[in-house]
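Residue-level structural notes
So the chains spell out like this:
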Amino acid sequence: MDALLFESIERFLAGCSTPAVVREVERGQGAAALWSEVEASGFAELLVDEAAGGAGLGLPEAFALWLACGRHALPVPLAQTAWVRAVLPLAGLDAPRGPLTLAAQ
């Protein structure tokens, strides 16, 4: 795992996914402001090919994202969004902006 990436993600989430923010979102006060901050960070593009504007990391390198999202109880789907944004283009689909996840039909 890349130490610099891990530290960057940890520092970012420690600042935006504080216990107070997590409690507010859990109480239904909305996550739009938090998601805007997450989207602006660029971490949702970690697995996206560099040619498409992402970091082009593989799953082993991006594992730090999954660990940090859990450790900070991030109440928005950053890790899921990163994965979905990487796989949709492989299926010939454009990945929309905003939080994303996949579900069985």
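Above this text is the structure in question.
Residues numbered from 1 in each chain as written. Predicted model: local features only at pLDDT ≥ 70, side-chain atom pairs only at ≥ 80, totals over all residues. Heavy atoms only, no water.

1. A look at the environment of Ala103
Basically, it comes down to this: Counting from the N terminus, the helices are DSSP H or I runs at least four residues long and the strands are E runs at least two residues long. Burial classes: relative accessible area under 20% of the type maximum marks a residue as buried, over 50% as exposed, and values in between as partly exposed (1.4 Å probe, protein chains only).
Along the chain, Ala103 falls in the segment after α5 (78-87). The exposure class of Ala103 is exposed, given its relative accessible area of 72%. For the pair Ala103 and Ala62, spaced 41 residues apart in sequence, the C-alpha separation works out to 22 Å.

2. Focus: helix α4 (residues 59-71)
Keep this limit in mind: For a helix, the expected span equals 1.5 Å multiplied by the residue count minus one. Pairs of residues are marked as contacts when any of their non-hydrogen atoms sit within 4.5 Å.
End to end, α4 covers 18 Å across 13 residues, agreeing with the expected 18 Å (1.5 Å per residue, within 8%). Those residues of α4 that are buried are in contact with α1 (3-16) and α5. Of the residues flanking the end of α4, it is Ala73, one or two places downstream, whose phi is positive at about 50°.

3. Observations concerning the pattern of salt bridges
Note the threshold: One speaks of a salt bridge when a side-chain nitrogen belonging to Lys or Arg is within 4 Å of a carboxyl oxygen belonging to Asp or Glu.
Applying the stated rule across the entire model yields five salt bridges. Linking Arg85 and Glu45 is a salt bridge whose minimum nitrogen-to-oxygen distance equals 2.4 Å. Pair noted here: Arg85 is in helix α5 and Glu45 is in the loop between α3 (32-41) and α4, with a separation of 40 residues, a long-range link. A residue is classified by how much of its surface remains accessible, and Arg85, at 2% relative accessible area, is buried. Note on Glu45: relative accessible area 16%, which makes it buried. Two residues, Arg97 and Glu45, come together in a salt bridge whose shortest N-O distance is 2.8 Å. Here Glu45 lies in the loop between α3 and α4 and Arg97 lies in the segment after α5, a separation of 52 residues in the sequence. On the accessibility criterion, Arg97 (55% relative accessible area) is exposed. One salt-bridge network, in which partners are shared between bridges, spans Glu39, Glu45, Arg85 and Arg97.

4. Focus on unusual backbone geometry
Phi at Ala73 is positive, roughly 50°, even though this residue is not glycine. A relative accessible area of 41% places Ala73 in the partly exposed class.

5. Details of the side chain of Ser17
Within the secondary structure, Ser17 sits in the loop between α1 and α2 (19-26). Residue class for Ser17 comes out buried when judged on its relative accessible area of 4%. Once residues within four sequence positions are removed from consideration, Ser17 is found in contact with Val22, His72, Ala73, Leu74 and Pro75.

6. With respect to the nonpolar core
To keep things clear, this is the line we draw: What is meant by a nonpolar core is a set of buried Ala, Val, Leu, Ile, Met, Phe, Trp, Tyr and Cys residues, joined one to another through side-chain atoms within 4.5 Å.
Ranked by size, the top nonpolar core spans 21 residues in total, and within it Ile9, Leu13, Val38, Phe43, Leu65, Leu74 and Leu78 carry the most contacts. Of all elements in the fold, only α1, α3, α4 and α5 reach the threshold of two or more residues within this core. The dominant element in this core, judged by the number of residues it contributes, is α1, at five residues. Those residues in contact with Leu74 that sit more than four places away from it in its chain are Leu13, Ser17, Leu34, Val38 and Cys69.

By themselves, these figures tell us nothing about what the structure is for.
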